[in-house]
Structure formats: C-alpha cells, structure tokens
Amino acid sequence: MKYDIKNLTLDEKIQLLTGKNYWQTNDANGKLPSIWLADGPLGLRMANPDGTTKQSTAMPSSVVIANSWNTENARLQGETIADECIQEGADVLLAPGVNMKRTPLCGRNFEYYSEDPILAGYMAKAFIEGVQSKGIGTSLKHFYANNREYDRFVQSSDLDERTAYEIYLPAFEIAVQAQPWTVMCAYNPINGVWASENKQALTDILCGEFGFTGLVMSDWEAVRSGWRAAKAGLDLRMPFNPNEYGEVKTAYEKGWITEEEIDICVQRLLDLIEKTENDKKIITTTKEQRHQNAVKIAEDGIVLLKNEGILPLTEGDLLVCGPFAKAPAFGGGSARAQSDYIPKHLAVELVSASDGKIKADEQCGYFAFRSATSCDFMTDGFTVARKKDAVVLCLGTGFPIEGEHGDRTSIRLTELQEDIILGMAKYNENIVVVLESGSAVDVSPWIDKVKAVVWAGFPGEGGQEAIARVLTGKVCPSGKTSETFPIRLEDTPTGETRGNGFYESYNEGVFMGYRWYDKMQKQVAFPFGFGLSYASFEYSDLKIEKKGELDYEVSYLIKNTSAVDGAEVSQVYVGDIFCRVPRPEKELKGWAKTYLKAGESKRVCIKLNERAFAFYSTALKKWHVESGEFIIQVGASSREIRLSQSIELCLPYDEQYSTLSREIYE
Ligand code: GLC
C-alpha cells in the first residue's frame, strides 16, 4: 500500500472523513493527494478556478440511452465522458444515477434510466465499465429510493422489504457487479433513517449482500451526523463540513465511535486514492469524435411513437418550428454539461440530411399568434404552415420544467405548446411532433391531431443531427420506451400525490411502472418497451430449453421483413401463473437489440436463471422460486406479445414451502 494508514494521526484521520472543499477530498496535512470529484451522467461538469463551468461535450440524457436498449451506448457514453475527465483532471465521475422512475413527475427522471430495475441496472453496469476502463472512477447514485425531488432532503421513502429488494435495490445490485469505485448515498431517509446513517442499507445490504467493496460518499449536504454516518458505513461526507472534525472528535471522546470504526472509513479513502493512480488514463477521442459519439447514441435512442405514413420525410417544403427547433432541450441541475457546441436549427439539419431534397423554413420557438405573442419573426406561423407540405414541431419540457431540485406537477405540455399543436393542425394536417422530455408526457389532448411523434428525450448536443437523420430515414428509428406513457397522471400509481413532507408510503409495492398498469388492467398511451420502426419484424420459432434446474435458454427467430435495414428490441417477460404472494403479471427478465439488414433473420438467445423466476420472500429472507407454471413471453413491447410458452417448474420437495401435500411431487 502506497498510503499507509499507520502514518496518519487520529486528528488527520478524522479530517479525512469529510472533503477538503466542494469537490476535493482532504489531504491529511499534505500526506495524501486530494482527488477530484465531478458530475455527471450527461457529460463532465467541472468548475474552473474562477467558478465558471468547464466546457464539455453535452451527451444524451440517460433516458435516451435506456430508450436505445443497447448497453453498448451506455458503455460508449461512459468512455466518452471519461476522456474529458482525464483531460480536465477529474478522478471520479459522479454518475450513473439509477433511481427508479416511479412517477413521471420526478424532475430528475432524465438522469435516470427506467421504471424497470434490470434495464436500469444493466445500463448502469455498462456505463460504469465504460468509465472505469479508462482509469476514472464512478459514483453509483443515489442509494436508495430517491424517487422524487420534492422534499428530497427530509421526506422518508417508506417501502416494505419485498418492494425494496424486488424494485428499488436491483438496479444497484446489478450495477455493483461492475464494482464502481464509489456509491453515493441519497438525501432521503429510508423507512425513517437517513440514507447517510442507514447501516442496513449502506453496510448490510450494499456491502454485505451485494458485495460492494468501494467507498460510500454522501450526496452533497446529505449528512446530518458525521459520526453516526461513519458508523453506518458512510466513508466520506461531501462537501467539506467545518463541524465534522469537532462532532466526530467529541463522539470519539464519548466512546460513541471508535478509532477502528474511523479507520474503516479512512482505509476506503486510501484505497480509492490508490485506484486513481493508474496507467489507464489515455485520451482516445478528439472533441469532434466525442460529438459524433453523442449523435450516434442519440440516434439509437430516438423512439418513433406514432407514424401515419408521413415518416420518413424525404422531400417537400417544410415549416420547422417550436421551442426546441433552434437547439435541443436539456434538463437542469448538477447533471447539465456546459457545451460550447452551437447546434444548427433543425431545419438546416433536415435539409442537409435529405441531401437538399427537403426545403425548410426556419421559424423561431414561438411565432406570432392572432393574439400577437411576438418573437423574432412577426410571421403568423399558422398562415405559413398552410402553404407547407408538412410541419415539424419541436416541443417538450426542458429546464426549468424538468430538472434537479423540483418535480413537475403535471405531465401535460404547457398550454401554449398544446395550443400550438392544436392550432397548427387546423392549418396543416401533416404535423410531425418531435417530443423532447426527460420522462413521459400526457399526449392525449393532441395525439389524434398529428401524423407522427418521435420522442428524443433530452438528446444532447448532437440532438439536431440525430433527429434530422431519423426523420429523413438516414437512420431507421430503433428506440423503445424505457418507461410507460400513461394516458393521464391519475392513472399512475401515485397520481398527483407526493407524500406529506415527513414520509411517502410506496403503497403500490412491487406494482410500479408497467407492473402497475398490467395489474390495474389500465390502457396506456404508449406501453413500456414500445417503439415503431420504418422496418417491420417477424418473430417465430420460439424454443425454450431446460439447461438446469433453474437454467433455461429462450431462443427465437427475428426476421426483418421489410426493405429497410433496421434494429428490433425484443423483450423476454416471465410471469408466475400461481404464487402465494401477489406477483406482477409479467416482469422483464431479458432483452436483445438485434440489428438486421432488409430481409435478414437472426436467432436471439436469452438465458434465464433462478432470479428470472424468483420473488423475494420476506418469510424466508431470500429469493425463492415456487414450483408451478410459469409463462415465458417474447414481446415487441410489454403489451405486444409475439411469442409465448408455458413451462412447469417442479423443484425439490424439501426446498418448497406452503405446499398442499407431498403427493403432487410423486
Ligand atoms: C447534487 C446531486 C448529486 C450530485 C451532487 C454534486 O445535489 O444530488 O447527484 O452529484 O450534488 O453536484
């Protein structure tokens, strides 16, 4: 060990329990290097000495990566951001965020991946591997059950054990397989105990059960009591807290915390410092290549939600307008990277992507209505629209509607934006909506008035190129929703509620996201895993092979039956037909994104292991599989099942519980 804890005094060790300043760790009176921490999941956000933010590549938001259903995009995102960390001297990137998208209202949903834990978990795992492959650390966050911005510092997330293990922990459990160098604890209490002081969460589950071996840091200002946090398994309180030293020294003198307990935290910091000193920090991309990576990832994550024969746009005279026609929307807060890339108006990108076959008028965000809201052009957008072959409307949320520090109170677009769509539709029937939002939007007021909708999330600095290439067919859209689009907010498990300021009970239990809409048999606007394409795909020849007692191989053929090269995300869901605990109708247990040339077929193979069939038994304190019938479904979405087959699991009698009689096993 290069840095030996024996060389540190007790006072120096106590100093190390908190940061040196807002972004650096302490240096124990110069005995240690200080390491730099910097945000975030969508690009490097790092302060200059004068307090301004360094310029970096604004990558697509996490929702776009998840909508691509391709973990290679998560890895590429991690590798790309890591290059800028190396360039600017950041040692640990404060990302990825994997909190479950429990309500579409959460302001930070754009930074998170999905309503499904395994989709989120495997995206985060690949992101971590991408970043750390370049010798830069990560911080898996925010551990855990941080599913709202409302009252995030105070309101306790109140959830039962099975819900925690089946829904809110698995993304962390899967991501920890990549051994992130650090994990960041959440602000909120979990069942009444601050996440920063929650020994069950930080030590028993994260380290004991999930096998995490790195350092646990706090979210910024999340620690209420440094010594309690240290004892619970929180190793580093960020940012610097001037009171930390006194509090911990007093607790030590009172015998509330021992030097051995302090040493555990300090040793993890020393281990982290050692990790940052490696020979992997080699920049392999130029600024332009990083921009192209942003375009590539965005292209793969754009979801075609509706298309009544109008897309792809290959020629014609278009009006391109709306608040995000000039530049893509972005979410606000700590995740926002400051890019010096100046995007082109989508109209310009459409002309370019169509090789000049498209003519496109550039209009500003809002244009003059009859009620004379003014903008750069005093043109009445509607009369312009009347003369066009089609209108491309770039709408959505963006900051400050979506961002850290606050949640939406509605999932509808603003009244003005809805008016633009409805008004425009009176003057031109060929409306294409480009929706830019970090989470689901209630499209019901206008969806029937438009011919096509693409969902681009917050697509990053490369958004305009990516959107143009998808709209013109240069790229065949292949994204699928990583969260459900409910018809209205009231259909969601939480509706307009947001807790009472002290706690919020997760009453829906394991029935979150599509699990809820299935249980309640609710119609939705766009189901989990939904996305259209310019190509068409046939599913056939399902085979389910038993490889072991709880090891199955599910394989099936996918054929591109169109004349267009494309990619198809096929999803494998498992349902437990009868169980003595309430279980979701189906749960995602595997998926594949298969890139297929026109007419090409490929066989997809998905492995299912014990966890694909198990539920978390609070009676047995472990994951448990009940014998009986299970249904394996292969879907183009969670609501479009293309292939299915039942299997019967007959597990050893002595491992079963609450059986009726032995006879059924003999
Ligand atoms: C913020 C965020 C966290 C971020 C940290 C540093 O409050 O919750 O995600 O990494 O503080 O900016």
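Here, every reference points to the structure presented above.
Because the structure is a prediction, the values reported are computed rather than measured.

A. Molecular detail of the overall build of the chain. Tallying secondary structure elements over the chain gives 16 helices and 26 strands in all. The C-alpha radius of gyration of the chain comes to 26 Å, within 12% of the 26 Å expected for a compact globule of 666 residues. For the chain, the proportion of its 666 residues judged to be buried stands at 62%. Put simply, of all contacts in the chain between residues at least 6 apart along the chain, 76% involve residues at least 24 apart. If you sum the accessible surface of the chain, you get close to 24100 Å²; carbon and sulfur atoms cover 50% of it.

B. Structural context of the packing of helix H3 (residues 71-88) against helix H11 (residues 287-301). Between H3 and H11, the least distance of the axes is 10 Å, while the angle of their chain directions is 155 degrees. Considering their axes alone, H3 and H11 lie roughly antiparallel with respect to each other. In this structure, H3 meets H11 at a crossing whose hand is left-handed. From H3, Asn73, Leu76, Gln77, Thr80, Asp83, Glu84 and Gln87 reach across to H11, where they touch Arg290, Asn293, Lys296, Ile297 and Asp300. Here the residues of the contact of H3 with H11 sort into two nonpolar, five polar and five charged.

C. Region of the structure containing the site of the ligand. Residues in close proximity to the ligand total 14 residues, the closest being Asp39, Arg108, His142, Tyr187 and Asp219. In this structure, Arg45 approaches the ligand through a side-chain N or O atom, which is 3.3 Å from an oxygen atom. Notes on the ligand: free accessible area 310 Å², of which the protein chains cover 95%. Across the shell around the ligand, the residue classes tally to five nonpolar, two polar and seven charged.

D. Highlighting the sheet that holds strand E18 (residues 537-548). Taken in spatial order, the three strands line up as E18-E19-E22 in an open sheet, and their pairing is antiparallel. In this open sheet, the two strands that pair with only one neighbour each are E18 and strand E22 (601-608). Each adjacent strand pair in this sheet contributes to an overall mean axis angle of 20 degrees, direction not counted. In this sheet, E22 lies alongside strand E19 (residues 551-560) in antiparallel orientation, the contact comprising eight bridges. From the neighbouring strand, Val554 faces E22, where its bridge partner is Ile606.

E. Here's a closer look at the packing of H3 against helix H4 (residues 117-132). At their nearest, the axes of H3 and H4 sit 7 Å apart, and the two run at 35 degrees to each other. Between H3 and H4 the crossing geometry is right-handed. Across from Thr71, Ala74, Arg75, Gln77, Gly78, Glu79, Ile81 and Ala82 in H3, the residues of H4 making contact are Tyr122, Met123, Ala126, Phe127, Glu129, Gly130 and Val131. Looking at side-chain class alone, the contact of H3 with H4 contains eight nonpolar, four polar and three charged residues.

F. The environment of Ala124, seen in detail. Inspection of the secondary structure assignment puts Ala124 in helix H4. Judged by relative accessible area, Ala124 falls into the buried class, the value being 0%. Spatially, the C-alpha atom of Ala124 lies 8.2 Å from that of Ile174, the residues being 50 residues apart in sequence. Leave out the neighbours within four places in its chain, and Ala124 touches Pro96, Val98, Tyr113, Leu140 and Ala175.

G. Up close: the environment of Ser505. Along the chain, Ser505 turns up in strand E16 (residues 503-505). Along the primary structure Ser505 and Gly457 are separated by 48 residues, whereas in three dimensions their C-alpha atoms are 29 Å apart. What Ser505 contacts, discounting residues up to four positions off in sequence, is Arg102 and Asp158.

H. Highlighting a negative patch on the surface. Residues Glu549, Glu610, Asp654 and Glu655 make up a contiguous surface patch of negative charge. Here Asp654 is to be found in the segment after strand E26 (640-649). According to the relative accessible area criterion, Asp654 is exposed, its value standing at 63%.

About the cut-offs
Residues numbered from 1 in each chain as written. Predicted model: local features only at pLDDT ≥ 70, side-chain atom pairs only at ≥ 80, totals over all residues. Heavy atoms only, no water. Helix = DSSP H or I, 4+ residues; strand = E, 2+ residues; numbered from the N terminus. Rg over C-alpha atoms; globule rule 2.2 N^0.38 Å. Buried < 20%, exposed > 50% of the residue type's maximum accessible area, 1.4 Å probe, protein only. Contact = heavy atoms within 4.5 Å. Areas by Shrake-Rupley, 256 points an atom, 1.4 Å probe, with all protein chains shown as cover. Axes fitted to C-alpha atoms, helices over the stretch in contact; angles between N-to-C directions. Parallel < 35°, antiparallel > 145°, perpendicular 65-115°, else oblique. Left-handed = near helix turned anticlockwise from the far one by under 90°. Nonpolar A, V, L, I, M, F, W, Y, C, P; charged D, E, K, R; others polar. Near = heavy atom within 4 Å. Polar contact = N/O pair within 3.5 Å; in protein donor to acceptor, adjacent residues only side chain to side chain. Pairing = 2+ DSSP bridges. Patch = residues over 30% accessible without salt bridge, like charges linked within 9 Å, V, L, I, M, F, W, Y side chains within 5 Å. Salt bridge = Lys/Arg side-chain N within 4 Å of Asp/Glu carboxyl O. Lys, Arg positive; Asp, Glu negative; His and termini not counted. Charge placed at Lys NZ, Arg CZ, Asp CG, Glu CD.

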